[in-house]
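Single-letter residue listing:
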Amino acid sequence: MTAVHAIGVDVGGTKAAAVRVGRDGVVQARAAVQTPADDVPALLASMVDVARSVMGPDVAAIGVGAAGLVEAGTGRVRYAPNISWREVDLGRVLGVLGVPVVADNDCTVAALGEHLVGAGRSIDDLLYVGVGTGIGGGIVSGGRVLRGANGFAAEVGHIVVEPGGVLCGCGNQGCWETVASGSALSRLGRERLDPKADGRAVVAAARAGDATARAILQDVGGRLGEGVAGLINVLDPELVIVGGGAAAGAGDLLLDPARIACRRAVEGVGHRPDVPLVAAGLGADGAAIGAGLWALEVAA
């Protein structure tokens, strides 16, 4: 009997990545392309092209993980703070490939993927924090993904932590992602290190021993850990998984100060079980794998 596979697509402001996976989460094929965040037709065309490139005769469904507010049940992206799309029907766009399509928030499906086959396997209460251009979240509670009334749950990056602070892509000032994401690394790199620096340059300089770059990662990691501590207080997870491109690139240079700051800020430390902060087990493929696995669940 031929194995059934799904395509999982992770689409954001800088890239669209696709994988073909089975129920075990093993990637059979993958592809990725750069995407223009401010050109919606081109971004959607790139998403279709990258999904088509990993298509096969055994594909039963397509799942999409998209940054932003993705409406439950319809798969419509209502709003995305760091991408210029509004009211985009992803199922209709990818329907040209001829199989059923489901769509959800990228960090929500990443949380599902980590729960099923990644670092959170067998953990029924976990928080996923995706640190990339911005910050997103996914919550598994009691073994089930928490989506909220509209599918918009876990937009944790847009909790205001510095009123009157840096302008966020969502229009507010001082959101958590303005101080603890890849964008924060880039901004501080330009301010303190080099006017042309981005987050990758900051990480590279830190790995080479640059004290200023290491201090930037300490600061951003500290703000990340403080925010995670607040979410631990709210959700009481057994595990926190940190994924996303910026987190993967920086590794423990970012996560070690986050762990220290989180332990310092969480309520009742010493009187509650420790909540580990671990790197995502699925790495950069997390959202795409999770989207594919979710598509297989829906198609079953």
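Residues numbered from 1 in each chain as written. Predicted model: local features only at pLDDT ≥ 70, side-chain atom pairs only at ≥ 80, totals over all residues. Heavy atoms only, no water.

With respect to the pattern of salt bridges
What the rule picks out here adds up to 14 salt bridges. Salt-bridge contacts for R223 lead to E162; the nearest nitrogen and oxygen are separated by 2.8 Å. Here the residue R223 occupies a position in helix α7 (residues 211-235), and E162 occupies one in the loop between β11 (144-145) and α4 (177-180), the gap between them amounting to 61 residues. E162 sits in the partly exposed class, given a relative accessible area of 30%. E226 serves as the salt-bridge partner of R223, at 3.1 Å between the closest nitrogen and oxygen. In this pair, R223 and E226 both sit in helix α7, three residues apart, roughly one turn of the helix. (Salt bridge = Lys/Arg side-chain N within 4 Å of Asp/Glu carboxyl O. Helix = DSSP H or I, 4+ residues; strand = E, 2+ residues; numbered from the N terminus. Buried < 20%, exposed > 50% of the residue type's maximum accessible area, 1.4 Å probe, protein only.)

A look at the sheet that holds strand β9 (residues 126-131)
Ordered by their spatial adjacency, five strands build an open sheet running β11-β10-β9-β12-β13, and the pairing between neighbours is mixed. The sheet is open, and its two edges are formed by β11 and β13 (277-279), each paired on a single side. Its contacts with the sheet put α7 on β9, β10 (135-141), β12 (239-243) and β13, and the angle it makes with β9 is roughly 155°. (Pairing = 2+ DSSP bridges. Contact = heavy atoms within 4.5 Å. Axes fitted to C-alpha atoms, helices over the stretch in contact; angles between N-to-C directions.)

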